[in-house]
Amino acid sequence: MNQSEFIPYGRQDLNSEDKQAVLSVLESDWLTQGPEVPKFEQALAETFSAKHAVAVNSATSALHLALLALEVGEGDWVWTSPNSFVASANAALYCGAQIDFVDIDPHTYLLSMEALENKLQQAEQMGRLPKVLVAVHFAGASCDMVKIAQLAQHYGFKVVEDAAHAIGAEQAGHKVGSCQWSDICVFSLHPVKIITSAEGGVALTHSAELATKMACLRSHGVTRDSQALLQPADGPWYYEQQDLGFNYRMTDLQAALGRSQLNRLNPFIARRRQLAEQYHQALKGLAMGLPQLDFTSAWHLYVIQVPAEHRLAIFQALRQAQIGVQVHYLPVHTQPYYQKLGFNWGDFPVAESYYQRAITLPLFASLTDSQQARVVRVLRQLFVEHGI
Ligand SMILES: *Cc1c(COP(=O)(O)O)cnc(C)c1O
């Protein structure tokens, strides 16, 4: 093993079939808006037992369309986790809605059910209940969806799952994506995520109405469906713009890659779970917080918690050793843009203290045992050097 080889925190794994799938599209008549997107959508719907899948150019777009389909707009509140990528919250702002956050659980790093319940009680008294909760399945482990669905029923809000990390995960005996307890579930197909279409996202739902709305908004709000027209067609060329949509389309090149990668989801997840268990066994003796060893998680990320006063030095030393550690996530509410909206350090203290100790170790399906052993060896040595 070359000691200086750089190990990223995540990366895609493409085999010859994946590449062939893309080449076949390049040689076909359609680079976009051909047969590959519907085929991919059908494969996704079947794989995750959802009635409908709408493929788009990113998970960010899928979140935006999901909230628009649920009629989120000015005057509405959307709640999400501060421990997420900024896209989970930004989607609400695109709709003109107001955003608020619910703090995380210190053990799972997911939305805290206790914090959610308390905040809902207070919001009800103030007449400020959320219209939608965006539940983020951080690192690949599902939020407590059974509880969230109970609260959604009681307080009358809708649920969107931001499952960007959690394609391949399970929740209470069902696949994430099956929408058992949510209105819409969103996956990301960015290369650092679990399967990839280069860029891409998917929204899954059981609702034909929501799926139709999202599919229409994905392509300018335009429809050619003769059943759906508002005015009589004056010829076979006729199409109608019925809403203000976007160009959020996925290309056929991306869909073909995504469908080929979907065939490899199970071995990818099995390998990620194996690597997570190996990290757990190798690191459990050290004075660091480890993620719960959850075999229903898709294990997008393996985040350790180190003493805050040593985090920067350990992070820098790992990078120096060509180990591509990252930090997930800077709490969204502390971003300058969100501070301008009135949020501040101190608002969600569990997410903040989690962040100050977090380091994401390399974890991806093609990470080899010897690469992982190198990460562990360097980390152990650093703990000795720092007297931790
Ligand atoms: C990556 C990510 C997104 C955005 O995904 P894109 O496909 O890059 O738009 C949204 N939410 C979370 C939690 C993510 O990790």
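About the cut-offs
Residues numbered from 1 in each chain as written. Predicted model: local features only at pLDDT ≥ 70, side-chain atom pairs only at ≥ 80, totals over all residues. Heavy atoms only, no water. Helix = DSSP H or I, 4+ residues; strand = E, 2+ residues; numbered from the N terminus. Buried < 20%, exposed > 50% of the residue type's maximum accessible area, 1.4 Å probe, protein only. Pairing = 2+ DSSP bridges. Axes fitted to C-alpha atoms, helices over the stretch in contact; angles between N-to-C directions. Contact = heavy atoms within 4.5 Å. Near = heavy atom within 4 Å. Polar contact = N/O pair within 3.5 Å; in protein donor to acceptor, adjacent residues only side chain to side chain. Areas by Shrake-Rupley, 256 points an atom, 1.4 Å probe, with all protein chains shown as cover. Nonpolar A, V, L, I, M, F, W, Y, C, P; charged D, E, K, R; others polar. Expected span 1.5 Å × (residues − 1).

Peer 1: Can you explain unusual backbone geometry? Please cite residues and give values.
Peer 2: Along the chain, histidine 328 connects to tyrosine 329 via a cis peptide bond; the corresponding omega equals 0°. With respect to the helices and strands, tyrosine 329 occurs in the loop between α10 (308-320) and α11 (336-340). Here glutamate 71, not a glycine, exhibits a phi torsion of approximately 60°, which is positive. Looking at the secondary structure, you find glutamate 71 in the loop between α3 (59-69) and β2 (77-80). When its relative accessible area of 53% is taken as the criterion, glutamate 71 is described as exposed.

Peer 1: Run through the sheet that holds strand β8 (residues 184-188), naming residues and quoting values.
Peer 2: Spatially, β1-β9-β8-β5-β4-β2-β3 is the arrangement adopted by the 7 strands of the open sheet, whose pairing is mixed. The strands lining the two open edges of the sheet, one partner per strand, are β1 (52-56) and β3 (98-101). Across the sheet, the mean angle separating the axes of adjacent strands is 20° when strand polarity is ignored. Two elements, strand β5 (residues 158-162) and β8, share 3 bridges in a ladder whose sense is parallel. Paired with glutamate 161 across the bridge in β8 is cysteine 185. Taken strand by strand, helix α7 (residues 208-218) contacts β1, β8 and β9 (201-205), and its axis lies near 15° from that of β1.

Peer 1: Please provide a residue-by-residue account of the side chain of serine 297, values included.
Peer 2: Locating serine 297 in the fold gives a position in the loop between α9 (265-283) and β12 (302-305). For serine 297, the residues in contact, after removing those within four places along its chain, are Ala139, Gly140, Ala141, Ala169 and Arg273.

Peer 1: Which residues make up the site of the ligand, and what values do they have?
Peer 2: If you check the shell around the ligand, you find 14 residues, and the closest are Thr60, Asp162, His165, Ser188 and Lys193. Between the ligand and the protein, one listed contact pairs an oxygen atom with a side-chain N or O atom of tyrosine 329 at 3.1 Å. Its free accessible area being 390 Å², the ligand has 93% of it covered by the protein chains. Breaking the shell around the ligand down by element, the ones donating at least two residues are α3 and α4 (87-94). Here the shell around the ligand is built from residues that sort into 5 nonpolar, 7 polar and 2 charged.

Peer 1: Help me get a handle on helix α2 (residues 36-48), residues and values and all.
Peer 2: For α2, spanning 13 residues, the distance from its first C-alpha to its last is 18 Å, which sits close to the expected 18 Å at 1.5 Å a residue. By the burial criterion, the buried members of α2 are Glu36, Val37, Phe40, Glu41, Ala43, Leu44, Ala45 and Phe48. Directly after α2, the chain includes serine 49, whose backbone phi takes a positive value near 55°.

Peer 1: Before we move on, could you go through the environment of leucine 361 and cite the residues and values that matter?
Peer 2: Along the chain, leucine 361 turns up in strand β13 (residues 358-361). Classification of leucine 361 as buried rests on a relative accessible area of 1%. With residues near it in sequence (within four places) discarded, leucine 361 still touches Tyr9, Tyr279, Leu283, Tyr302, Ile304, Val325, Val375 and Leu379.

Peer 1: Let's hear about the environment of threonine 205: which residues, and what values?
Peer 2: Tracing the sequence through the fold places threonine 205 in strand β9. For threonine 205, a relative accessible area of 0% translates into the label buried. The spatial distance from the C-alpha of threonine 205 to the C-alpha of glycine 177 is 8.0 Å, given a sequence separation of 28 residues. Sequence-distant contacts of threonine 205, that is, excluding residues within four places in its chain, are made with Ala50, Lys51, His52, Cys179, Asp183, Ile184, Leu210, Ala211 and Met214. One polar contact links the side chain of threonine 205 to the main-chain amide nitrogen of serine 207, over a distance of 3.0 Å.

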